[in-house]
Every structure is written in C-alpha cells, then in structure tokens.
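For reference, the chains in residue letters:
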Amino acid sequence: MQTNIKLVEVCVNGEIIGNIVLKKEIDTIEGYTKYREGIFAEQPFLLHYDLVTLSFILFFDDGSSKEYFSDFLLCVSKSQEDATNIQKMLQELIAFDDSQVGEWIFSDSERSTSNSLYEGKWNKRSYKSLSSYIQLLENVISCYKSNYTYFKMQGKHTIQQSNVLVSYENVKTISRDSFNWIMQNTDQLASVSHSSGIQYQGKNYLPYRIKTDSNRKSWDVYENRIVIGFLYTVFRNAKQIYTEFDKDILNEERIISRIHGSFPKEYRAPIITIKSLQVSFCRILLRKLSHVIDVLQGIYKQYVALFDVSLSLLTSLPRKTSTFCEIKPYVQVFEIIVHWFQYGEYSLEKERLILQVKTLDKLFEYYCLLRLLKLLADNGYKKADIEK
C-alpha cells in the first residue's frame, strides 16, 4: 500500500503544519513529520488552547486523497501566567462599561431584526455591564422605598361618591335615595319599641341596613398608573434578563461537564480555566441580580396593594404633568424613569460574547479590540458612515 501513497500532510484543526516524510524501505506507512518553516517547526500546537483535532491527509498516486481524524485532544499548559492573564482579562471584559464601544461592536447585526424585549417604542439598546444594570435596579428600589410612606398617606387621588349598604348604626347621612331604597326593601325593617322616623299602622320601625352616600379615595389617576406601570416594567425586565442569562450560563456549564481530560497536577487546561472563570464571574453577578429581583418583587407587591389601578408596560417616556414637576416623591420617580430610558434597553450581547470565547488567543483579540475602540472613543473618533 505504501507505493500507492504520494504524500501525507499533517493538520491541526484543519490547518496544515507539515507533512510526513515516508520511509521507502518498509511496507508500512511510517516516517517523521517535517514541519513547515517558522514557528510551527518548534511549536506545532502554538496558539491552540482548547480542544484540537489532529488529522492526516493521504494523497495517492492516482490523484485521489483521504483524510483521517483523531478524537478531540485537550490542550494543556504548565504556565501559571496563562491562568492569571485569563482571570485579569475576563474581569476587565465583564466590568467593561462603555456603551458607545458596545454600540460600535453590536449594533450593525441588529438593524434588520426586532431588538426589543417588548412590543413598543423602547428600542434604544444599552451595551453596558451587567453590574451597571444591577446598580440601576438598586436606584429604582431606593426611590420607591423612600417614597412609599408618602404615597400611602398623601398620594394623589380623587374623591368618588358611591352608594353603599351599611348598618343603621354606622349611617352618617340619609338622603331621599336612602328612603326610596327602604321603601323598595321593606324586609330590612325591624319593629322597635321607641319612637322612630318610620311609622306604619301605629308601630315604629328602623332598618337593619340602609343604602347611603359614601366618599372614598380613588388612586386611579394618570400619575399613579405611571408609578405602578414603571415598577411593573422594571420588575418584568429584570426577571427576563435573569432567565436569559441563567440559560446562557447553564449551557456553558454543560460544555465544561463534557470536557474530560486526565493530566499531571502541574498542567492546566486553558479552555477549562476560561470556561470555569467565565461561569464563576457570571454566577456572582446572577446571584446579585436574583437578590435585587426578590427585593423588587416585595416592593411591587406593596405598591399593587396600595394602588388599585390597571397594569401596563411603560414602553416610552410618560407625559410630564404638573404633579411630576411639583410634588417631590412624584418628581423623584419621574427622574428615575428618565434615567431608565436614557440608560436604554439592557442587552446581554456583550456577556454572551464573553461566554462564547473558548480560546485564549480569541479572548486576547476581543480584549485588545475593546481597549483599542475605547481609546478611539475617548479621543473623539466616531464610526464612519460607509454609505456617505
């Protein structure tokens, strides 16, 4: 079979690194690998930090060829510096908080698709860090906590008059409508021994219950609908972000569980280091987000019990009424609403990209890209419009 083989090329992850020089004097396929000139001659697995596949392409004398693949091979390293660098880069990437740079990287891919979590006008995307999003939620919580007592005691309301049935002992006013109701509901009358305002055939009567006018507070005003609608929007948005991010992290944890390898203690597998640190950092943020959501839920329940109004998502900046301009608690809520819309609809694209990075060289490329774009943004550079 050896005489039929013309050439054997050696590839790592599909890239040719050299060829096998065949020994002519034996009948089996045997020889030594001659690496291409350059860095591959000394380090054929340079810049491979995750799982690699070794393959051999056999070229035959008749012009045909066939490729044979190895199983996935886990790359390991003795360098502690790799683990340290991975940790530092991931920490910086996760904390990176420049929305302008994020927009440069991610905005083009979303122009042709719907990019809003909700149906509505709220489409301005925010590519800041998850930490900054959590801080925004904490600001909302602080605002609503500090103003709850005012809303409970003095919140804006209207007085509505309605007819209610009350016991006779609790009646404050009796109107003509009250007497008409009694005449139509004589079963409510009871005979009494003393003189009363209702007499029939020489007997005195008083009603068990009577319909009377009652004034009650109605919280169903525009400003209160905005207050509760915004809190509902924030709570729902935070829950959706948590659900999506938790799903992403679970996928990465499954990847880690599928990576198997047995190697000496002094060696490390960079892909496992990268994935483990990614998941570890993201889990810390997710726990913080979960705690904030629990607090938001408690405040939301308080306000729902206080304001008996219809709920709706707030997808655009509300109208600034005189109440939102003059009454301090309402002013503070309106300011946090404005801050929310200025921040933009939080996007997980940056965190997802970090989780998808599997090799140290790609991690370093992404790190360098963000640093370079940050430098350009800080020096006033703007993204060019190719069409112009």
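Cut-offs and rules
- Here, residues in each chain are numbered from 1, in the same order as that chain's written sequence.
- At least 70 in pLDDT is required for a residue's local features to be given in this predicted model, at least 80 for side-chain atom pairs to be given and counted, and no such filter applies to totals for whole chains, interfaces and linings, which use all residues.
- Heavy atoms from the whole structure form the basis of all side-chain values; hydrogens and water molecules are not counted.
- Helix and strand assignments come from DSSP, with helices taken as H or I runs of at least 4 residues and strands as E runs of at least 2, each series counted from the N terminus.
- Only protein chains enter the accessibility calculation, which uses a 1.4 Å probe; a residue whose area is less than 20% of its type maximum is buried, one above 50% is exposed, and one in between is partly exposed.
- Any pair of residues with heavy atoms lying within 4.5 Å of one another is described as a contacting pair.
- Every axis corresponds to a line fitted to the C-alpha atoms, with the helix fit spanning only the stretch in contact, and the corresponding angles, defined between N-to-C directions, vary from 0 to 180 degrees.
- Roughly parallel means an angle under 35 degrees; roughly antiparallel means over 145; roughly perpendicular covers 65 to 115; every other angle is labelled oblique.
- Crossing handedness: left-handed means the near helix sits turned counterclockwise from the far one by under a right angle, and right-handed means the same turn made clockwise.
- Classes in brief: Ala, Val, Leu, Ile, Met, Phe, Trp, Tyr, Cys and Pro nonpolar; Asp, Glu, Lys and Arg charged; the others, Gly included, polar.
- Whether two strands pair depends on DSSP finding at least two bridges between them.
- What counts as a ring pair is set by centres within 6.5 Å for rings of Phe, Tyr and Trp (its six-membered ring), and what kind of pair is set by the plane angle: stacked under 30 degrees, edge-to-face over 60, tilted for all other angles.
- The term nonpolar core refers to a set of buried residues drawn from Ala, Val, Leu, Ile, Met, Phe, Trp, Tyr and Cys, joined through side-chain atoms within 4.5 Å.

J.: What is the right way to look at the overall build of the protein in this model?
T.: Helices and strands together make up the secondary structure of the protein, namely ten helices and 14 strands. Counting across all 388 residues of the protein, residues that qualify as buried make up 40%. Partitioning the contacts of the protein with sequence separation of at least 6, the portion at a separation of at least 24 is 76%.

J.: Looking at this structure, how should I read the side chain of aspartate 248?
T.: By the element assignment, aspartate 248 lies in helix 5 (residues 222–258). Excluding anything up to four places from it in sequence, aspartate 248 contacts Arg352 and Leu355.

J.: What's the story with the packing of helix 3 (residues 130–154) against helix 5 in this structure? I'm lost.
T.: In helix packing, the relevant descriptors are the interaxial angle and the interaxial distance, both defined with respect to the helix axes. Interhelical geometry of helix 3 versus helix 5 gives an angle of 150° and a closest axis separation of 12 Å. One element, helix 3, and the other, helix 5, form an angle in the roughly antiparallel class. The handedness of the crossing between helix 3 and helix 5 is left-handed. Here Leu130, Tyr133, Leu137, Val140, Tyr144 and Phe151 of helix 3 come into contact with helix 5, specifically with Val227, Phe230, Leu231, Val234, Asn237, Ala238, Ile241 and Phe245. Residue composition of the contact of helix 3 with helix 5, by class: 13 nonpolar, one polar and no charged.

J.: What is the right way to look at the sheet that holds strand 12 (residues 203–207) in this model?
T.: Backbone-to-backbone hydrogen bonds join strands into a sheet, with any given pair of strands oriented parallel or antiparallel. Across the sheet, which stays open at both edges, the three strands sit in the order 10-12-11 with antiparallel pairing between neighbours. Of all the strands in the sheet, the pair left with one neighbour each is strand 10 (189–192) and strand 11 (198–200). Strand-to-strand, the axes of this sheet are offset by a mean angle of 45°, without reference to chain direction. Bridge analysis of strand 11 against strand 12 gives three bridges, and the strand direction is antiparallel. Bridging from a neighbouring strand, tyrosine 200 pairs with lysine 203 of strand 12.

J.: Help me understand the packing of aromatic side chains, please; the structure alone is not making it clear to me.
T.: Each aromatic ring pair is summarised here by two numbers: the centre-to-centre distance and the angle between the ring planes. Enumeration according to the criterion identifies 15 aromatic pairs in this entry. With centroids separated by 4.9 Å and ring planes inclined at 80°, the aromatic side chains of phenylalanine 151 and tyrosine 330 adopt a geometry described as edge-to-face. Taken together, the positions of phenylalanine 151 in helix 3 and tyrosine 330 in helix 8 (residues 328–343) put the pair 179 residues apart, joining distant regions of the chain. Note on accessibility: phenylalanine 151 and tyrosine 330 belong to one class, buried.

J.: I keep staring at the nonpolar core and nothing clicks. Help me out?
T.: The tendency in soluble globular proteins is for nonpolar side chains to be buried side by side. With 69 residues, the main nonpolar core has Tyr133, Leu137, Tyr144, Phe230, Leu296 and Tyr303 as its most contacted residues. If you list the elements that add at least two residues to this core, you get helix 1 (80–95), helix 2 (99–106), helix 3, helix 5, helix 6 (270–306), helix 8, helix 9 (349–356) and helix 10 (360–378). The dominant element in this core, judged by the number of residues it contributes, is helix 6, at 15 residues. If we ignore the near neighbours within four places in the chain, the residues touching tyrosine 303 are Tyr144, Asn147, Tyr148, Phe151, Val227, Ile228 and Leu231.

J.: What am I meant to see in unusual backbone geometry here?
T.: Of all residues except glycine, most have a negative phi; of all peptide bonds, most are trans. Of note in the backbone geometry, asparagine 13 takes a positive phi value of approximately 55° without being a glycine. Position of asparagine 13 relative to the elements: it lies in the loop between strand 1 (5–12) and strand 2 (15–22). For asparagine 13, a relative accessible area of 40% gives the class partly exposed.

J.: Please explain the pairing of strand 5 (residues 54–60) as it appears in this structure.
T.: When a strand is regular, its side chains alternate between the sheet's two faces. Here strand 1 runs beside strand 5; their pairing, made up of seven bridges, is antiparallel. When the sheet's bridge partners are listed, valine 10 is paired in strand 5 with phenylalanine 56. Pairing of strand 5 with strand 6 (residues 65–69) involves five bridges; the strand directions are antiparallel. From the neighbouring strand, phenylalanine 59 faces strand 6, where its bridge partner is serine 65. Here strand 5 folds back onto strand 6 in antiparallel fashion, the turn holding four residues, of which glycine 63 has a positive phi close to 95°.

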